[in-house]
Amino acid sequence: MKKTKLKIAIASAALVVVAATGTALAARNMSGGTGSETVANSNSNSSSASERSVTGQNKQKTPSPIKADGANVFPHSLDYDAQSKTFFAGSLKQGKVYAVDPDGTVRTFIDDPQLVSAQAVRVDRERGRVLVGNVDYGTADRSKENPFGIAGVGSYDLATGKQDWCVDLTAIALDGKKHLISDVTVAPDGTVYAVDELTPTVFRIDTEGRASVLLRSDLLQGKLDIPDFLNGVGMSAVEWVAGDQLIIAMADGAIVRVPVQQPEDAELVKLSGTPLSAPTAGMRLLEDGSITAVSSGLLNGKPAQIQHVRPSNNWKEATVKVTDTVQDPVTSDVTAGPDGRTYALSGGLADLLAGKPNDGFTLTPVKTG
C-alpha cells in the first residue's frame with residue numbers, strides 16, 4: 001500500500017470523528033526531566049487543585065483542563081513525573097517527545113531521528129530513563145514508504161533526553177508482517193514489556209536493550225476492525241501488576257492476564273459489571289492495584305468512557321464500572337497528574353488523520369472511582 005493511499009483511507013475512517021470533534025486519539029504513571037526548544041507558553045488553566053469553603057467545610061475544587069500549546073504535536077500517549085511535576089507526551093506527527101508543564105508550556109525533550117512516530121511513553125524514574133514506542137502510521141514527517149513497517153522501543157536519559165538504546169523489534173519478530181507497538185510497561189527489575197497491536201506478540205527487553213519474544217498467542221490475536229483503516233486490531237495497552245504478571249487490554253474490550261514466569265498460562269480475565277467498552281485505548285495502574293482505562297469513541301463518535309477495573313482472585317476476575325466521560329470521542333490515554341489526580345489525554349488525532357493542522361492538545365481531569 002502506498003503512503004498516499006493509506007492517508008486517504010485513514011482520513012475516511014476518521015470522518016465521523018472529525019464531525020463530532022476537532023481533537024484527540026488513541027499510555028501513565030510517572031515522568032520527569034528537563035527540555036530545550038520551547039514550543040509555546042501558556043499561563044492559563046493551571047491544573048493545581050485549590051480549596052474553597054462550602055457550608056462551613058473546606059472542599060477541593062476540580063481543576064480545569066490543561067490546555068497544552070504544542071502545535072502539531074498530536075500525542076497518543078503520555079506519562080507524568082510527580083518529582084519534577086512534568087508530563088511527557090510523544091508526537092505521532094513529528095516523532096519527538098515533549099515535556100509539558102502543568103501550566104500548558106510545551107518544550108522539546110527528545111528529538112531522535114530514529115523515532116518516526118512516538119506512540120507509547122513511559123517514565124522509569126528508578127533507572128532515570130524515558131521509554132518510547134516507535135511506530136509508523138504513514139502520516140508522520142519521518143514516515144517511510146512502508147507504513148507499519150517500523151516497530152521499536154527506545155530508552156532515553158531522563159535528565160538529558162539522550163538515547164541509551166533503540167531496538168528494532170521487527171528484526172526480532174522476523175515475520176514480514178505489519179507491526180504497531182501500542183504500549184510499553186516496566187517491571188521492578190527494569191525489564192520492559194512491549195505489546196504489538198497488529199500481531200499477537202509480546203516482546204521482552206532487558207535493561208541493556210536486548211530484546212526477545214516473551215509470548216505469541218492466539219489469545220492476543222486482534223479482533224477489532226476499523227473500517228477503511230486497519231483490520232484485526234489487538235493489544236492496545238499493558239501494565240505490569242503485582243504477582244509478576246502483565247495485564248493487557250485488547251482493543252475489543254477483553255483483558256488478558258499473562259504470568260511473566262509462565263507466559264504460556266495466559267488467560268482471559270473474567271469481567272463482570274459494565275463490559276469494558278471498545279476500542280480500549282489506554283490504562284493507568286492505581287496505587288491500590290486496580291486500573292483505570294479509557295475507551296475511545298473512535299468508531300461511534302460518542303464521548304470517551306473512563307472505566308475502573310477492580311481485580312479479584314489474583315486478576316483472574318475483575319469488575320468494571322464507568323466512572324467518568326470525556327467529551328472528545330477519541331481520547332486515547334490516562335495518566336497520573338498533579339495532586340494525585342488522573343488526567344485523560346485528547347491529542348488531536350482527528351485533525352491528524354484529516355490532514356489538518358492542530359494548535360495543541362488537552363489534559364482533562366477525570367474521576368477514577
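In what follows, the structure referred to is the one given above.
Residues numbered from 1 in each chain as written. Predicted model: local features only at pLDDT ≥ 70, side-chain atom pairs only at ≥ 80, totals over all residues. Heavy atoms only, no water.

Draft legend 1. Molecular detail of the environment of Leu299. Tracing the backbone shows Leu299 in the loop between strand E25 (291-295) and strand E26 (304-312). Considered as a pair, Leu299 and Asp225 are 74 residues apart in the sequence and their alpha carbons are 9.7 Å apart. The residues contacting Leu299, other than those within four sequence positions of it, are Leu224, Asp225, Ile226, Pro227 and Pro279. (Helix = DSSP H or I, 4+ residues; strand = E, 2+ residues; numbered from the N terminus. Contact = heavy atoms within 4.5 Å.)

Draft legend 2. Quick look at the sheet that holds E26. Spatially, E23-E27-E26-E25-E24 is the arrangement adopted by the 5 strands of the open sheet, whose pairing is mixed. Taken across any chain shown, the strands that pair with only one partner, and hence form the sheet edges, are strand E23 (270-273) and strand E24 (280-285). With strand direction ignored, the average angle separating the axes of adjacent strands in the sheet is 30°. Sheet analysis places E23 next to strand E27 (residues 317-326), joined by 4 bridges and oriented parallel. Its bridge partner being in E27, Lys270 is matched across the sheet by Glu317. (Pairing = 2+ DSSP bridges. Axes fitted to C-alpha atoms, helices over the stretch in contact; angles between N-to-C directions.)

Draft legend 3. Examining the sheet that holds strand E10 (residues 129-135) more closely. The 4 strands lie next to each other as E9-E10-E11-E12, forming an open sheet whose pairing is antiparallel. Of all the strands in the sheet, just strand E9 (117-124) and strand E12 (163-168) have a single pairing partner and so form its edges. For this sheet, the mean angle separating the axes of adjacent strands, direction not counted, is 15°. Bridge analysis of E9 against E10 gives 6 bridges, and the strand direction is antiparallel. Each residue of the ladder has a partner; that of Ser117, found in E10, is Val135.

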